[in-house]
Amino acid sequence: MAHLYLLSVFLSLLLSISPSLSSNSEGNALHALRSRLSDPTNALQSWDPALVNPCTWFHVVCDSNSHVTRLDLGNSNISGTLGPELGQLKHLKYLELYRNDIGGKIPKELGNLKNLVSMDMYGNKFEGEIPKSFAKLKSLIFLRLNNNKLSGSIPRELTTLKELKVFDVSNNDLCGTIPVDGPFASFPMESFVNNRLNGPELKGLVPYDFGC
């Protein structure tokens, strides 16, 4: 009987601290992000690693379980790069990094954010290819990567994103052809302008990465 009581106490204690452990992990990930960024206007001043719970930080929104669900850093005058640690924010639904000066490659680990609904990273200096791992973001509705320096072809894996309603990669340096399957059948051509794209894919006639 005593063993059962001790087990019950242990489980209750574990459940009570698990949100804190999760918050600490997410806080560590956000602090690692901060260390990669230049922040001349102190938008991230409240991101204090001594505070276990990042839900008290500005530009961070959490749910009732203290999980980070939204990162609002749009138009914050920050620069630098992103790292793989962002992929640890497993409960994130909104990643808003638009209109900054962030560069480098987009980490493939962002494909681990399986609850993500919106990714707005337009108006930066991201370069390299669009990660194929984005195909794992099955809840994604908005993906805006326009006005960057992205290159390579549009990953055909993205045609499996059935919930995707808005997709914009205009004003980059993308090449190849435009997908025509899945949600891409309904995206306007304005979403693809000012790239090196060769128009809609002609299946069986030319490779999808024709011109790359």
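What counts and how
Residues numbered from 1 in each chain as written. Predicted model: local features only at pLDDT ≥ 70, side-chain atom pairs only at ≥ 80, totals over all residues. Heavy atoms only, no water. Disulfide = S-S within 2.5 Å. Helix = DSSP H or I, 4+ residues; strand = E, 2+ residues; numbered from the N terminus. Buried < 20%, exposed > 50% of the residue type's maximum accessible area, 1.4 Å probe, protein only. Pairing = 2+ DSSP bridges. Salt bridge = Lys/Arg side-chain N within 4 Å of Asp/Glu carboxyl O.

## Description of the state of the cysteines
Right, on to step 1. Tallied over the full model, the rule gives two disulfides.
Right, on to step 2. For Cys175, the disulfide goes to Cys212, at an S-S distance of 2.1 Å. Judged by the torsion about the S-S bond (110°), the Cys175/Cys212 disulfide is right-handed. With Cys175 in strand β12 (residues 173-178) and Cys212 in the segment after β13 (196-200), the pair connects residues that are 37 residues apart, well separated along the chain.
Right, on to step 3. You can call Cys175 buried: its relative accessible area is 3%.
Right, on to step 4. The disulfide pattern of the chain is 1-2, 3-4 when the bonded cysteines are numbered in sequence order.

## Quick look at the sheet that holds β13
Right, on to step 1. Strand order in this open sheet of seven strands is β1-β4-β6-β8-β10-β12-β13, and the pairing throughout is mixed. Strands with a single pairing partner mark the edges of an open sheet, and in this sheet they are β1 (37-38) and β13.
Right, on to step 2. The sheet contact formed by strand β10 (residues 149-152) and β12 spans two bridges and is parallel. Note on β12: the bridge partner recorded for Gly152 is Leu174.

## Overview of the pattern of salt bridges
Right, on to step 1. Within this structure, the stated rule accounts for seven salt bridges.
Right, on to step 2. The shortest N-O distance in the salt bridge between Glu109 and Lys108 comes to 3.4 Å.
Right, on to step 3. When its relative accessible area of 22% is taken as the criterion, Glu109 is described as partly exposed.
Right, on to step 4. Notably, a salt bridge pairs Arg144 with Asp120, separated by 2.5 Å at the nearest N-O pair. Of this pair, Arg144 sits in strand β9 (residues 142-144) while Asp120 sits in strand β7 (residues 118-120), and the two are 24 residues apart along the sequence.
Right, on to step 5. For Arg144, a relative accessible area of 24% corresponds to the partly exposed category.
Right, on to step 6. Looking at Asp120, the relative accessible area reads 5%, which means it is buried.

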